[in-house]
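Tertiary structure, described
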Amino acid sequence: MKKKIEETGKSMNRETFSTSLTVFFATLGSAVGLGNIWKFPYMTGMNGGGAFILVYLLFVLLLGIPIMVSEFYLGRKTRSNVVGVFNKLKAHKFWKIIGYMGLLSSFLIMFFYSTVAGWVYAYVFRALKGDFRFLGDMGIEEARVASEGIFTDTLSGISPMLWQGFAILLVSVILIGGVKKGIERVTKTLMPILLLLIIISAVRALTLSGAGEGLSFLMKADFSKLKGSSILAAMGLAFFKLSLGMGTMVTYGSYFNKENNLMGTSFKVALSDVAVSMLAGLAIFPVVFTFQLAPEGGPGLLFQTIPLVFSMLPLGNILLIAFFVLTAIASTTAMLSMVEVPIAILTEELKLNRKKAVIIITSLMFMVGVVTTHPDALFGQVQVAGKNFFDLFDYTASNLLMPLGGLLITIFVAYFVKKESIQEELTNGGSIGSGKLVNFYRFVLRYITPLLLIIVFLNELGIISI
Ligand code: TRP
């Protein structure tokens, strides 16, 4: 079989995940994060509920899964970081821009993501201290105001910076452990706990009086509420949710064992991720309606609603701790994958030792993140292009860099890689899966995925209007 690309280099001594199950948990650990529990519910709330979810699902199927498969292909084929991939494939050096954009996105996302992860850890601590207990003795209106007060208080002063530092420190300690002893060990222990906790939370929320209203908000598709900007938001969310377009899945794919079914893993991860988002929605929206909060509440939604309701339930404080612990797990395993992208680049391209690379990268992430993304901090009030740094980083990475990276990855794999090489890698040399499915994937990747991406971009630039 003649290949357009060749494998070179010493791929044999790289670490890999041990089994397909640990591949699944590590990858799901990357996908499931604040995106499900924090971003998905509030974006759904702001964009009119079920209609937004439908559009989102369409993007997951037609963009998310094909791009995830492509990233896995690039990673496992070359056993390389997202810059090195293009050296190994002997591609034109232009394509390395995908790697550099990924590097930049990794930092931009970590700046604000670690901020929110810090709030989550602060809430775990507060819940452990019993700070929310008194809410249970108040009337709804009074409790709502008090809960908002706690959120504002959590965000002010120096403590959110310390919590952000704590969240980043934890990530760096795990990452110093490496792929097997760090990422794999943590994700295979914590992901099952997370899944259990989110099911318990959703079941509890569904027994509340506002459950029906919450459910119908989540499920009912009201297309009149779907704005033009909602379409782009849904696409940005699909990228963000599945950790795509910046080389995370290339990097994780490079650690997959050779028996892994790449297409199967993509489907399983994407579907499980949607399931976790829906469970998070089920846990949150009944609460929102029971306590008459505004579903379009924005980023604070999670932090203001969950303590409110759980404090009113029997054994509520335990549930509250459980919920914030699960959110802390989700955000931490997601950050592992975000930070692994630059680590793989530094250790392999610059031959830095792993520990050094982790320390350099996470210190930088902390130092810049802490001054740019705190409401109180130095630049918290500074606006660029009408956005504070928090929103600017999110917007630049989720809506611009990642879709652009995704488009380039799509074009590269669809048009610059030999069909036979894709067939071989996705069927593990013909031993699994069907060639027809691979052809179908390649068809979507060649004609549908890029078209959708371009339409959404032209819309964003105001050249066409959907
Ligand atoms: N997918 C994660 C979430 O939804 C976030 C995440 C992890 C991510 N790694 C990423 C987002 C890489 C973008 C790129 O919370």
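Preceding block: the structure.
First, a word on what this report is: a plain description of the structure on this page. In this text the structure is predicted, and so the values were computed from the model without any measurement.

Moving on, we come to the environment of Val-358. Tracing the backbone through its elements, the reader meets Val-358 in helix H15 (residues 354–372). The sequence separation of Val-358 and Pro-342 amounts to 16 residues, and the corresponding C-alpha distance is 8.8 Å.

Neighbouring the ligand are 16 residues, the closest being Ala-31, Gly-35, Tyr-113, Phe-240 and Lys-241. Contacts to the ligand include Ala-31, whose backbone N or O atom sits 2.9 Å from a nitrogen atom. Considered on its own, the ligand offers 360 Å² of accessible surface; in the complex 100% of this is hidden by protein. With respect to the pocket detection grid, the ligand is positioned in the largest cavity.

Moving on, we get to empty space enclosed by the protein. The probe, sized like a water molecule, is rolled over the atoms to show the empty space still left. This structure, assessed with the given rule, holds one cavity of 30 Å³ or more. As a volume, the largest cavity reaches approximately 140 Å³. If you trace the largest cavity, you find 17 residues lining it, with Ser-30, Tyr-113, Phe-240, Ser-243 and Met-338 closest to the centre. Among the elements of the structure, helix H1 (20–31), helix H2 (34–46), helix H5 (97–129), helix H10 (228–241) and helix H14 (316–349) are those that each provide at least two residues to the lining of the largest cavity.

Membership of the largest hydrophobic core comes to 165 residues, with the highest contact counts inside it found for Phe-59, Leu-74, Ile-109, Phe-303, Val-339, Val-413 and Leu-426. When residues in this core are grouped by element, the largest group, 20 residues, is from H14. Beyond its immediate stretch of four places on either side in the chain, Ile-109 contacts Phe-240, Met-246, Met-338, Ala-397 and Met-402.

A few words now on the environment of Leu-34. Structurally, Leu-34 can be placed in helix H2. Judged by relative accessible area, which is 0%, Leu-34 ranks as buried. In this structure, Leu-34 is in contact with Lys-39, Tyr-113, Val-116, Ala-117, Val-120, Thr-327 and Ser-331, ignoring residues within four places of it in sequence.

For Arg-79, which is not a glycine, the phi torsion comes out positive at approximately 50°. The exposure class assigned to Arg-79 is buried, which follows from its relative accessible area of 12%. Phi is positive for Asn-428, which is not a glycine, with a value near 50°. Within the fold, Asn-428 resides in the loop between helix H17 (419–426) and helix H18 (435–460).

Criteria and thresholds
- Residues numbered from 1 in each chain as written.
- Predicted model: local features only at pLDDT ≥ 70, side-chain atom pairs only at ≥ 80, totals over all residues.
- Heavy atoms only, no water.
- Helix = DSSP H or I, 4+ residues; strand = E, 2+ residues; numbered from the N terminus.
- Near = heavy atom within 4 Å.
- Polar contact = N/O pair within 3.5 Å; in protein donor to acceptor, adjacent residues only side chain to side chain.
- Areas by Shrake-Rupley, 256 points an atom, 1.4 Å probe, with all protein chains shown as cover.
- 1 Å grid on protein atoms, 1.4 Å probe; cavity = no way out; pocket = protein on both sides within 12 Å on 5 of 7 lines; lining within 4 Å.
- Sits in = over half its atoms within 2 Å of the grid points.
- Points joined across faces, edges and corners; volume = space filled by probe spheres on them.
- Core = buried A, V, L, I, M, F, W, Y, C linked by side-chain atoms within 4.5 Å.
- Buried < 20%, exposed > 50% of the residue type's maximum accessible area, 1.4 Å probe, protein only.
- Contact = heavy atoms within 4.5 Å.

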